[in-house]
Amino acid sequence: MSPSATGSDATLGGARFGDRLFKAALTLTALAVPVLLGFLVFELWAGSREAIGEFGLGFLTSSEWDPVEGRFGALPLIFGTVVSSALALLIAVPLSLGVAIFLTEFAPMRIRGPVSFLIELLAAIPSVVYGLWGIFVMIPFLRATVFPFLKDTLGFLPFFQGPIYGPGMLSAAIILAIMVMPYIMSVSREVLLAVPNTQREAALALGATRWEALTGAVLPYARSGIIGAVILGLGRALGETMAVTMVIGNRHEIAASLFAPGYTMAAAIANEFAEAVENIHLSALSYVALTLFVVTVLINAAARLLIWRVAQGGGGKSA
Amino acid sequence: MADAAVRIATERLSAMYGKSTAVKDVTLSFAANRVHALIGPSGCGKSTFLRAMNRMHELTPGGWITGRVLLDGQDVYAPGVNPMQLRRRVGMVFQKPTPFPTMSIFDNVAAGLRVGQRRPKAELAETVEQALRGAALWDEVKDRLATSAVALSGGQQQRLCVARTIAPQPEVILLDEPTASLDPQGTQRIEELLFTLKQTFTIIIVTHNMQQAARVSDTTTFFYLGGMVETGATRQLFTSPAREETEAYITGRFG
Amino acid sequence: MNRAAARRRRSHFMVGLMGLAVVLAVLPLLLILGTLVAKGASSLNLAFFTKMPVPAGETGGGVMHAIVGTLMIVGTACLIGLPLGIGGGIYCAEYPGSKLATVTRFVSDVLNGTPSIVVGVFAWTWIVATQKHFSAFAGSVALAILMVPMVTRTTEEMIKLVPHSLREAALALGYSRWRTSLTVVVRTTLPGIVTGSLLAVARVAGETAPLLFTALGSQYLSFDLDQPMAALPLVVFTYATGPYEEWHQLAWATALVLILVVLVLSVAARLATRGKFRQNG
Ligand SMILES: Nc1ncnc2c1ncn2[C@@H]1O[C@H](COP(=O)(O)OP(=O)(O)OP(=O)(O)O)[C@@H](O)[C@H]1O
Ligand SMILES: [Mg+2]
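Every value quoted in this text rests on a predicted model; they were computed, and no experiment measured them.

*Asks:* I keep staring at the environment of A:Arg251 and nothing clicks. Help me out?
*Replies:* All names here are of chain A. Looking at the element boundaries, Arg251 is found in the loop between α8 (242-247) and α9 (265-272). Using a relative accessible area of 34% as the deciding quantity, one classes Arg251 as partly exposed. Taking the C-alpha atoms as reference points, Arg251 and Gly80, separated by 171 residues in sequence, lie 9.7 Å from one another. Ignoring any residue separated from it by four or fewer positions in sequence, one finds Arg251 in contact with Tyr165, Pro261, Gly262 and Tyr263.

Structural data, given as C-alpha cells:
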C-alpha cells in the first residue's frame, strides 16, 4: 500500500508479535458484545418459536391469558405497559425539564453540582427498593389522600371512577415517574450544556428576558436532544420491572380507570416465568420478552439518533 | 561545517496525509554534533518533516512517505528496520511537556530504558542520574526522584522530557518547538542545554522564534509551503539570505 | 413600560416554577432514604448480619445467606463482565475508526437500554433451560451481560480523555503499541476505569429482575454457584410481598443494607476519579 510499510527482522518480529497478540485479545473482547446481542436475539426467538407458531401476530391483539387452557394474548400487557409509561412521562417530563433548565440556566453556580448529584442518586436506588417504598409508604398515602381527591374532583372522567384499591395503574405510573426522572434530567442537562453560549447572549442582547431567551433561543436549539432524552426515559419506563410488579396490582385486564389494577409486559414475565410449567406458557412469556426487547431497541435507537444529531449540529453551528 | 560527518539525511523525502502532500521532495543532510534549526510559517510542514525522520508520521492515520531517510547511511524505511528501535536511536521532544502522569520522576526518565534490554538496578540508577544531569535537572529533583512528575513546573517538566529522551543514548534528538509553552526563564534553560547536548548528540530543532534559531543553531533551514527553500550556516542565512522568500520571512514580512 | 414589566414578571414566575420542580424532584430521594433509615435501622444488629433466616412468623434471624449470595453472584459477574467490558472499551478507543468499534459501540448502547428482565429471560433460556435447574451462575451471567456494555462505554470515554500527546511521547521512546496502550494510556486512565467498573457493580448489585428465574433465591447458606442462591434484592422482594409483619421488618432492614452498599459503591466511584484529577493538577 504505502511505501512506509516494512518487513520484519528477528527483534522486529517479536515486537510485532506482541502487538498482534494485543490486538487479537482486544478484538475477541470487543466481539463479545455484538456476539452476545446476536445470541440474545436468537435465544429469545428460539424460546418464543412455539408461541409465535401457535398465535402468530394475533398474540399482540388478543386479550386472553389462560395458562390452564394454554391460550395467551398480550394486549392487556401491552396496554398496561404503554399506559403506565405514558402517564409516567406525563408527570416526569415537565418536572425533569424544569429541573434541568433551572440547573443549567438559572440556579446559582454553587448549588448546580450538589443538586444534580442528589437527583442522580435517585437513579442509583435499586428498583426493588422503590417497590418496597411504594407498597408501604406511597400507596397508603395515595389511597388516603390523593386518590379520593382525584375521584371527588375529576370523578366525572372515566379514568377516575371505580373502587380505589391502592395498587394500580396510577400508582405504577407515579413510581415510574420518580424512577425515570433522573435519566431524563441528566440527559437533557447535558444537551442544554451543549448549547453554545452565543445562542443565549444573542437573545439577551436583543432585550429578551431570561425566560424569553430560553424559549426563543436555547430550547429550539436543544429541541431534538431533549426529545431524545424523553424517549430514552420512555425506554427505561417500558422495561422497568420490579417496582412496577410490586405496585401495579398484576391483573391481566384492560380497565379505563387508572385506579384499577393492571399489568405490564415486564411485570408478567417477572411474576410468571419461574412458576410457569407448561412449555406454551413459557414460550408465550418469551414472546412477550421478545416483543419488549424489539420495542425498547427501536425506542433507544431513535433516542440515540436524536441526541447524536444535537451533538453534531451543536459542533457544526458553534464552529 | 563541511568537516563534520553527516549523521542523518533525507533524499527527496515527501510526506503525505492521505492524498494531500505536506512535505514535498526535501533533500537535506544534518551533520553530527551540530544544532540544526528548521524555521518557516505555520503549516509549512516542519513538524511533518521531523516526524517522518523517526517514522512517527506513519502512525498518523493516512500518513505515508516517498523518498528516503538515511541514518548513518542506512535507509530507515528499508524493509527489516524496526521502527521502535529506530525511535530509540532518534529521540523526540514535543512542544508541550509530556511527562507520564502516573510515573515518578525516576520512572519517567527510566521509561525509555525499560523497553530495551534489561539492565541491573545500579546501572539503571546511574543512567537516570546521568540523563538528569545532562538535562540540567539533577540538582532540582535529586531529593524527590520518587515523587510524581506532574508536580514539576512546566520548564522542569520539559527538561525531564529531555532527560527521558537522552537516557537511552540516541544519536539524534528531534525537538518540535520545545520552548513554545515555556516562560522566558524555562526557555533560557533549554537553550543553554542545547549547547552541552550537541557535544554528544545531533540536534534538529523546529522553532517559530527567529532569535532562538539565530542564538542556538549552527545551520538553519527555511521551509515554505511544504518545500525546502533555503539551507545554510545560520549566520549566513540570517545576514544574507539567497532567496527572496527567506528574506521576507526573517524580516517579518509574512508568516 | 407596562408590557416590559409584565414580561419580566412572567419570566420570574416561570423561573420560580422551575425552582419548585427542583424541590419536588429532590423530595422523593429524601423521603425514600428517610423511611429506609426510620424503618430499617432498628433491625440492624449483629444477628442480622450473622444469622440465617428463621421460619416464617417467628421474629429474629438474619440475612447472612443473602449477603454471601450477593457477594458470590456479583463477584462472579465481575470476573466475567469486567475483562470483557474493559477489553472492548480499550479496543474501541485504540481502533476508533474500525468497523468492529462502530458496531460494538452501537450494540453497547442498544444493550444498555435493554430491560434487565429480558436479559434474565435470555440467561434462563441459555443456561437454566439447558441445565434443567436454577443456578446462581446463570444469575451471574445475566448480571455480567448487563455490566459489559456499561463498562465498555465508560472505559472508551475515559481512555479518550487521555491526551494524544502522551501516547505519542511513549511511541517516540520506542514503545510498542501494546506497551504504550497498557503502561501509559490505560495506566493513566485507570482511576476512570475503576469508576466505571464500580458504577456498573453498584447498578447490578441492586438488580432483582434478572435473578428471579436464574439464581431464584434460597433459604439456606450456599457457596455452590451451580445451585440456587439467595441475594439481597431477592430477599427484599420476597419479604416485601410476603404476608408477615416480621418479614416486612426484615425487608426494610435488608433494603437499607442494599442501598448502603449501592451508595458506598457510587460514592467510591466518584472518589476514584476525583483522586485522578487532583493528581493531574
Ligand atoms: N493529521 C493530519 N492530517 C491531515 N493533514 C495534516 C495533519 N497534520 C498536519 N496536516 C497538514 O499538513 C501540513 C503541515 O503541517 P505541519 O504540522 O507539519 O506544519 P508545521 O510547519 O509544523 O506548522 P506549525 O508551525 O503550526 O506547527 C498542514 O497543511 C496541515 O494542515
Ligand atoms: Mg508543528
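Picking up after the structure, the text goes on.
*Asks:* Sorry if this is basic, but what is going on with the pairing of strand β7 (residues 172-176) of chain B here?
*Replies:* Taken residue by residue, a regular strand's side chains alternate between the two faces of the sheet. Residue and element names in this part refer to chain B. By the criterion of burial, β7 is predominantly enclosed, with 5 of the 5 residues buried. The two faces of β7 match: Val172, Leu174 and Asp176 on one face and Ile173 and Leu175 on the other face are all buried. Where strand β6 (residues 90-93) lies against β7, 4 bridges are found, and the strand directions are parallel. The partner of Val90 across the bridge, within β7, is Val172. Relative to strand β8 (residues 202-206), β7 runs parallel, the two sharing 5 bridges. Looking across to β8, one finds that Ile173 is bridged to Ile203. Note on the crossover from β7 through helix α7 (residues 184-197) to β8: the handedness is right-handed.

*Asks:* I'm lost on the confidence of the model for chain C in this one. Help?
*Replies:* Atomic detail in the predicted coordinates should be set aside for any region of low pLDDT. Residue and element names in this part refer to chain C. Chain-level statistics for chain C give a pLDDT mean of 91 and a share of 97% at 70 or above. Throughout residues 276-281 the model reports pLDDT below 50, and contacts reaching past four residues in sequence, or to other chains, amount to 7 contacts. Here the prediction assigns the complex a pTM of 0.90, and the interface score ipTM is 0.92.

*Asks:* Which parts of the structure should I look at to understand the site of ligand 1?
*Replies:* All names here are of chain B. Around ligand 1, the neighbouring residues are Tyr17, Ala22, Ser42, Gly43, Cys44, Gly45, Lys46, Ser47, Thr48, Thr60, Glu177 and His208. Lys46 is positioned such that a nitrogen or oxygen atom in its side chain is 2.8 Å from an oxygen atom of ligand 1. Residue His208 places a side-chain N or O atom 3.0 Å away from an oxygen atom belonging to ligand 1. When the residues that make up the shell around ligand 1 are grouped by side-chain class, the tally is 3 nonpolar, 7 polar and 2 charged.

*Asks:* Can you help me understand the pairing of strand β3 (residues 35-39) of chain B in this one?
*Replies:* All names here are of chain B. β3 sits mainly inside the fold: 5 of its 5 residues count as buried. Burial of β3 is two-sided: the residues Val35, Ala37 and Ile39 facing one way and the residues His36 and Leu38 facing the other way are all buried. Judged from the 4 bridges that link them, β3 and β8 form a sheet pairing that is parallel. Looking at β8, one finds that Leu38 is bridged to Val206. When β3 meets strand β9 (residues 219-224), the two strands line up parallel, connected through 4 bridges. Across the sheet, Leu38 pairs through a bridge with Thr221, a residue of β9.

*Asks:* Just checking my understanding: could you explain the nonpolar core for this structure?
*Replies:* One recurring pattern in soluble globular proteins is that nonpolar side chains are buried together. Among the nonpolar cores identified, the biggest contains 172 residues, and A:Phe59, A:Val129, A:Tyr130 and C:Ile117 are the most heavily contacted of them. Broken down by element, this core gets its largest block of residues, 15 residues, from helix α5 (residues 169-193) of chain A. A domain split of this core shows at least three residues from each of domain 1 (2-43) and domain 2 (46-280) of chain C. Setting aside residues up to four positions removed in sequence, C:Ile117 forms contacts with A:Gly239, A:Thr241, A:Ala266, A:Ile269, A:Ala270, A:Leu292, C:Ala209 and C:Phe213. B:Cys44, B:Ile65, C:Tyr95 and C:Val184 belong to the second largest nonpolar core, which has 55 residues in total.

*Asks:* Sorry, what's going on with the domain arrangement of chain C here?
*Replies:* Residues and elements named next belong to chain C. What the domain assignment lists for chain C is domain 1 (2-43) and domain 2 (46-280). Each partner contributes residues to the interface: domain 1 has 9 residues there, and domain 2 has 8 residues. Between domain 1 and domain 2, a total of about 720 Å² is buried, with carbon and sulfur atoms accounting for 78% of that surface. For domain 1, the biggest contributors to the area lost against domain 2 are Leu36, Lys39 and Ser43; these three give 65% of the whole. At the junction of domain 1 and domain 2, the tally comes to 0 salt bridges. Here domain 1 and domain 2 share 2 residue pairs in polar contact (both at pLDDT 80 or more) between them.

*Asks:* Teacher, can you tell me more about the interface of chain A and chain C here?
*Replies:* By a widely used convention, the size of an interface equals the accessible area lost when the partners come together. Each partner contributes to the interface: chain A provides 70 residues, whereas chain C provides 77 residues. Taken together, both faces of the contact between chain A and chain C bury some 6,600 Å²; the carbon and sulfur share is 83%. When the buried area of chain A at its contact with chain C is split by residue, A:Phe22, A:Val33 and A:Trp211 rank highest and sum to 10% of it. On the surface where chain A and chain C come into contact, there are 3 salt bridges. The partner of A:Glu212 in a salt bridge is C:Arg7, and the shortest N-O contact between them spans 2.7 Å. On the surface where chain A and chain C come into contact, there are 10 residue pairs in polar contact (both at pLDDT 80 or more). When residues in the side of chain A that touches chain C are grouped by element, the largest group, 19 residues, is from helix α1 (residues 10-55) of chain A. Of the residues belonging to the side of chain A that touches chain C, the class tally is 50 nonpolar, 12 polar and 8 charged.

*Asks:* Would you mind showing me how to read the pattern of salt bridges here?
*Replies:* Opposite charge on two side chains permits them to pair, given that their charged atoms come into close proximity. A full pass over the atoms with the stated rule returns 31 salt bridges over all chains. With a closest N to O distance of 2.9 Å, B:Asp25 and B:Arg12 form a salt bridge. Here B:Asp25 is found in strand β2 (residues 20-31), whereas its partner B:Arg12 is found in strand β1 (residues 6-17), with 13 residues between them in sequence. Residue class for B:Asp25 comes out partly exposed when judged on its relative accessible area of 40%. Of the charged contacts in the structure, one is a salt bridge between C:Glu157 and C:Arg153, with a shortest N-O distance of 3.8 Å. A residue pair is termed a helical-turn pair when its members lie 3 or 4 positions apart in one helix, as C:Glu157 and C:Arg153 do in helix α6 (residues 136-160) at 4 residues. C:Arg153 sits in the buried class, given a relative accessible area of 17%. Through salt bridges with shared partners, a single network forms among A:Arg304, C:Arg105, C:Asp109, C:Arg153, C:Glu156, C:Glu157 and C:Lys160.

*Asks:* Honestly, the sheet that holds strand β5 (residues 74-75) of chain B in this entry has me stumped. Any pointers?
*Replies:* The strands that make up a sheet pair up through hydrogen bonds in the backbone, lying either parallel or antiparallel. Residue and element names in this part refer to chain B. Read across the open sheet, the 4 strands follow the order β2-β1-β4-β5; overall the sheet is antiparallel. With partners counted over all chains shown, the strands left at the sheet margins are β2 and β5, one partner each. By the bridge criterion, 8 bridges tie β1 to strand β4 (residues 63-71) in an arrangement that is antiparallel. Residue pairing in the sheet places Glu11 in a bridge with Arg68 of β4.

*Asks:* Explain the packing of aromatic side chains to me, please; I cannot follow it from the model alone.
*Replies:* Two aromatic rings, taken as a pair, are described by how far apart their centres are and by the angle between their planes. Counted according to the given criterion, the structure contains 22 aromatic pairs over all chains. Ring geometry for B:Phe100 against C:Tyr175: centres 6.4 Å apart, planes inclined by 45 degrees, an arrangement best described as tilted. With B:Phe100 in the loop between β6 and α3 (105-114) and C:Tyr175 in the loop between α7 (164-172) and α8 (177-205), this pair bridges two chains. On the basis of relative accessible area, C:Tyr175 is assigned to the buried category, the value being 4%. Arranged with centres 5.0 Å apart and planes meeting at 75 degrees, the rings of C:Tyr244 and C:Trp247 form a pair that is edge-to-face. Aromatic ring contacts, followed pair by pair, group A:Phe55, A:Phe59, A:Trp65, A:Phe72 and A:Tyr287 into a single cluster.

*Asks:* Can you help me understand a nonpolar patch on the surface in this one?
*Replies:* Residue and element names in this part refer to chain C. Where nonpolar side chains cluster on the molecular surface, the patch consists of Phe13, Leu17, Leu20, Leu24, Leu27 and Leu31 and spans about 570 Å² of accessible area. With respect to the element layout, Phe13 can be found in helix α1 (residues 2-40). Taking relative accessible area as the criterion, Phe13 reaches 54% and is therefore assigned exposed.

Thresholds applied
Residues numbered from 1 in each chain as written. Chains lettered and ligands numbered in written order. Predicted model: local features only at pLDDT ≥ 70, side-chain atom pairs only at ≥ 80, totals over all residues. Heavy atoms only, no water. Helix = DSSP H or I, 4+ residues; strand = E, 2+ residues; numbered from the N terminus. Buried < 20%, exposed > 50% of the residue type's maximum accessible area, 1.4 Å probe, protein only. Contact = heavy atoms within 4.5 Å. Pairing = 2+ DSSP bridges. Right-handed = clockwise from strand over helix to strand, strands pointing away. pLDDT = per-residue confidence, 0-100. Near = heavy atom within 4 Å. Polar contact = N/O pair within 3.5 Å; in protein donor to acceptor, adjacent residues only side chain to side chain. Nonpolar A, V, L, I, M, F, W, Y, C, P; charged D, E, K, R; others polar. Core = buried A, V, L, I, M, F, W, Y, C linked by side-chain atoms within 4.5 Å. Domains from an automatic or database assignment. Buried area = accessible area lost by both parts, 1.4 Å probe. Salt bridge = Lys/Arg side-chain N within 4 Å of Asp/Glu carboxyl O. Phe/Tyr/Trp six-rings, centres within 6.5 Å; stacked < 30°, edge-to-face > 60°. Patch = residues over 30% accessible without salt bridge, like charges linked within 9 Å, V, L, I, M, F, W, Y side chains within 5 Å. Areas by Shrake-Rupley, 256 points an atom, 1.4 Å probe, with all protein chains shown as cover.

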